[in-house]
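# Overview (structure and organization)
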Amino acid sequence: MSETAAALPDDAAPPVGRWTSVARKLLKHRLALFGLFVCLLVALLALFAGQIAPYDPSESHYDAIKAPPQMDYWLGTDELGRDILSRIIYGARVSLQVTVISIAGAIVFGSALGMIAGYAHGWVDHVIMRAMDAMMAFPMLVLAL
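Numbers given for residues are sequential positions, taken from 1 along each chain in its written order. Per-residue local features of the predicted model are confined to residues with pLDDT of at least 70, and side-chain atom pairs are confined, for both listing and counting, to 80 or more; whole-chain, interface and lining totals are unaffected and use all residues. Only heavy atoms go into the side-chain values, all of them from the structure, while hydrogens and water stay out.

### A few points about the pattern of salt bridges
- Every case where a carboxyl oxygen of Asp or Glu lies within 4 Å of a side-chain nitrogen of Lys or Arg is listed as a salt bridge. Scanning the model with the defined rule gives 2 salt bridges in all.
- With a shortest N-O distance of 2.8 Å, R82 and D78 are connected by a salt bridge. Comparing R82 with D78 shows no difference in burial state: the two are buried.
- Note that D133 is salt-bridged to R130, the shortest N-O span being 3.0 Å. Placement of both D133 and R130 in helix α6 (residues 123-137) is noted, with a separation of 3 residues, approximately one turn of the helix.
- Buried, partly exposed and exposed residues are distinguished by accessible area as a fraction of the type maximum, computed with a 1.4 Å probe on protein chains only: under 20%, between the cut-offs, and over 50%, respectively. Judged by relative accessible area, D133 falls into the partly exposed class, the value being 40%. Starting at the N terminus, helices and strands are each numbered in turn, a helix being any DSSP run of H or I of at least four residues and a strand any DSSP run of E of at least two.

### Some points on helix α5 (residues 84-119)
- For a helix, the expected span equals 1.5 Å multiplied by the residue count minus one. Helix length check: α5, at 36 residues, gives a terminal C-alpha distance of 52 Å against a target of 52 Å (1.5 Å per residue), a fit within 8%.
- Turning to α5, its buried residues number three or more, namely L85, S86, I89, A92, L113 and A117.
- Note on contacts: a residue pair is in contact if any heavy atoms of the two residues lie within 4.5 Å. Taken together, the buried residues of α5 touch α3 (30-47), α4 (49-52) and α6.

### As for the environment of G114
- With respect to the helices and strands, the residue G114 is situated in helix α5.
- Take G114: its relative accessible area is 44%, and that puts it in the partly exposed class.
- Separated by 15 residues in sequence, G114 and M129 have C-alpha atoms that sit 9.2 Å apart.

### Quick notes on the side chain of T77
- Examined against the element boundaries, T77 turns out to sit in the loop between α4 and α5.
- Since its relative accessible area comes to 6%, T77 is described here as buried.
- Engagement of the side chain of T77 in a polar contact is seen with the backbone oxygen of A64, the distance being 2.3 Å.
- Counting of polar contacts relies on pairs of N or O atoms within 3.5 Å, with two restrictions inside protein: one atom must be capable of donating a hydrogen and the other of accepting it, and residues adjacent in sequence are counted only when both atoms are side-chain atoms. There is a polar contact of 3.2 Å between the side chain of T77 and the backbone nitrogen of K66.

### Some details on the environment of D78
- Within the element layout of this structure, D78 appears in the loop between α4 and α5.
- Taking the relative accessible area as the measure of exposure, D78 reaches 11% and is therefore buried.
- Along the chain, D78 and A64 lie 14 residues apart, while their C-alpha atoms are 8.7 Å from each other.
- Filtering out sequence-adjacent residues up to four positions away, D78 remains in contact with I65, K66, I84 and R87.
- At 3.1 Å, the side chain of D78 and the backbone nitrogen of L80 are in polar contact.
- Separated by 2.8 Å, the side chains of D78 and R82 make a polar contact.

Written as structure tokens, this is what we have:
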């Protein structure tokens, strides 16, 4: 018998890992599971857009301009005859790229500013912190616009 098993009382459960506890909390919340499902679906659509999309998103079908939803075009076509479903699927790729690039930029820029503020005390720290306070004073919706 190992030392950890011998050290635990009979009625105590072994310690769970961080990811196990996160997974248990996630499984308890149905909205969180739904959000995870949607994020995974968008990521899979973006990764496999070339194989999933029925048509090229920029290809015009002149015989089906402004066609309503039907078997050939599940969501119909636009005013140039382009398949809307294909454009949505390929649009997921662009959205995912913008998201990853903006988050990576925020991590790099924010980490650099945080390290500079932490290392260089004095007026540099005060200027960086006042700039962050000014940004936090604005509502996030205004900044997003």
